Amino acid sequence: MLLEINGLTGTPGGPFRLEVDAGECVVISGPSGIGKSLLLRMIADLDENEGSVLLSGASRNAMPAPQWRRQVTYVAAESGWWAANVREHMHPAQSALPFLSQLGLGEQLLDASVSQLSTGERQRLALIRAVIRKPRVLLLDEPTSALDEKTVLRVEALLKDLMASGTGIVMVTHNEQQAHRMATRRYHMTSGQLTEISA
Ligand SMILES: Nc1ncnc2c1ncn2[C@@H]1O[C@H](COP(=O)(O)OP(=O)(O)OP(=O)(O)O)[C@@H](O)[C@H]1O
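Residues numbered from 1 in each chain as written. Predicted model: local features only at pLDDT ≥ 70, side-chain atom pairs only at ≥ 80, totals over all residues.

- As recorded in an unreviewed UniProt entry, the protein chain goes by the name ABC-type iron transport system FetAB ATPase subunit, listed as coming from Acidocella aromatica.

Spelled out as structure tokens, the structure:
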């Protein structure tokens, strides 16, 4: 098993149990404000939590937090940027090029100022920024909420490529059609609990 979560508890409730195999996309849906983002943040160890989280059998507790987050990467619905230009966030910038093209973004965006990006550009660039670091698990929070339908499908195609190469994905989405297209397994979140539903 790629990611094994047991007894995870924190602000959004729990104990949560969740397993994600290599190449899987586990979709979590549920009412607004129920704690879906907080659950993803707990898995990435960004907020206080307790419980067992294993990556290929290795405990999260046995590695420094930056190393964990590099392998199990949270991509927020609204991304934070720490430098003025896009390029400064892409390491190495060259590796972003094929993804820019796949997601319908021009190369010149690498030299754009973050403050001038459209919401949809920022959303796709935040995903690319995460993907080029080759995480083993992606925790995606509403990854296409700002995108038009055609671009949503481009992002989904990229995610399916990543799944085919063994990446595990946990995705929070309110988009029912997207859940249907992407999910290998689905959960519904209600107050403090996850219930498996049919994919
Ligand atoms: N750091 C925090 N500590 C305590 N409560 C928080 C914290 N951050 C958010 N909350 C609250 O916890 C609840 C769950 O927030 P969360 O963002 O996880 O919801 P969500 O299910 O992802 O909602 P949406 O679908 O609207 O994005 C909200 O009521 C929110 O205000």
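Back to the text.
1. With respect to helix H5 (residues 149-164)
- Counted at 1.5 Å a residue, the expected span for H5 with its 16 residues is 22 Å, and the 23 Å between its end C-alpha atoms agrees.
- Looking one or two places after H5, you find Gly-166, whose phi comes out positive at around 105°. (Helix = DSSP H or I, 4+ residues; strand = E, 2+ residues; numbered from the N terminus. Expected span 1.5 Å × (residues − 1).)

2. Let's talk about the site of the ligand
- Taken together, the residues surrounding the ligand are Thr-11, Pro-12, Ser-32, Gly-33, Ile-34, Gly-35, Lys-36, Ser-37, Leu-38 and Asp-47.
- Split by residue class, the shell around the ligand holds three nonpolar, five polar and two charged. (Near = placed C-beta within 6 Å. Nonpolar A, V, L, I, M, F, W, Y, C, P; charged D, E, K, R; others polar.)

3. Digging into the sheet that holds strand S8 (residues 168-172)
- Strand order across the open sheet formed by six strands is S6-S7-S8-S3-S9-S10, with mixed pairing between neighbours. Because the sheet does not close on itself, it has two edges, and the strands there are strand S6 (72-75) and strand S10 (193-197). Going from strand to strand, the sheet's axes swing by 20° on average, the running direction of each strand aside.
- As defined by bridge partners, strand S3 (residues 25-29) adjoins strand S9 (residues 185-190) across four bridges and the pair is classed as parallel. Among the inter-strand pairings, Val-26 is bridged to a residue of S9, identified as Arg-185. (Pairing = 2+ DSSP bridges. Axes fitted to C-alpha atoms, helices over the stretch in contact; angles between N-to-C directions.)

4. As for the environment of Arg-129
- Relative to the helices and strands, Arg-129 resides in helix H4 (residues 119-131).
- For Arg-129, the residues in contact, after removing those within four places along its chain, are His-89 and Met-90. (Contact = placed C-beta atoms within 7 Å.)

5. Observations regarding the sheet that holds strand S5 (residues 58-59)
- Taken in spatial order, the four strands make up an open sheet running S2-S1-S4-S5, and their pairing is antiparallel. Two strands close off the open sheet at either side, each with one partner strand: strand S2 (13-20) and S5.
- When strand S4 (residues 49-55) meets S5, the two strands line up antiparallel, connected through two bridges. Each residue of the ladder has a partner; that of Leu-55, found in S5, is Ala-58.
- Relative to the sheet, helix H1 (residues 36-43) contacts strand S1 (3-10), S2 and S4, its axis offset from that of S1 by approximately 120°.

6. Some details on unusual backbone geometry
- Cis geometry marks the peptide bond from Gly-14 to Pro-15; its omega dihedral reads 5°.
- At the junction of His-91 and Pro-92, the peptide bond is cis and its omega measures out at -10° in the coordinates.
- For Asp-45, which is not glycine, the phi dihedral falls at a positive 65°.
- With respect to the secondary-structure elements, Asp-45 resides in the loop between H1 and S4.
- Owing to 17 C-beta atoms within 10 Å, Asp-45 belongs among the partly exposed residues under this scheme.
- One non-glycine residue, Glu-142, lies in the positive phi region at around 45°.
- Tracing the sequence through the fold places Glu-142 in the loop between strand S7 (137-141) and H5. (Buried ≥ 20, exposed ≤ 12 C-beta atoms within 10 Å, placed from the backbone.)

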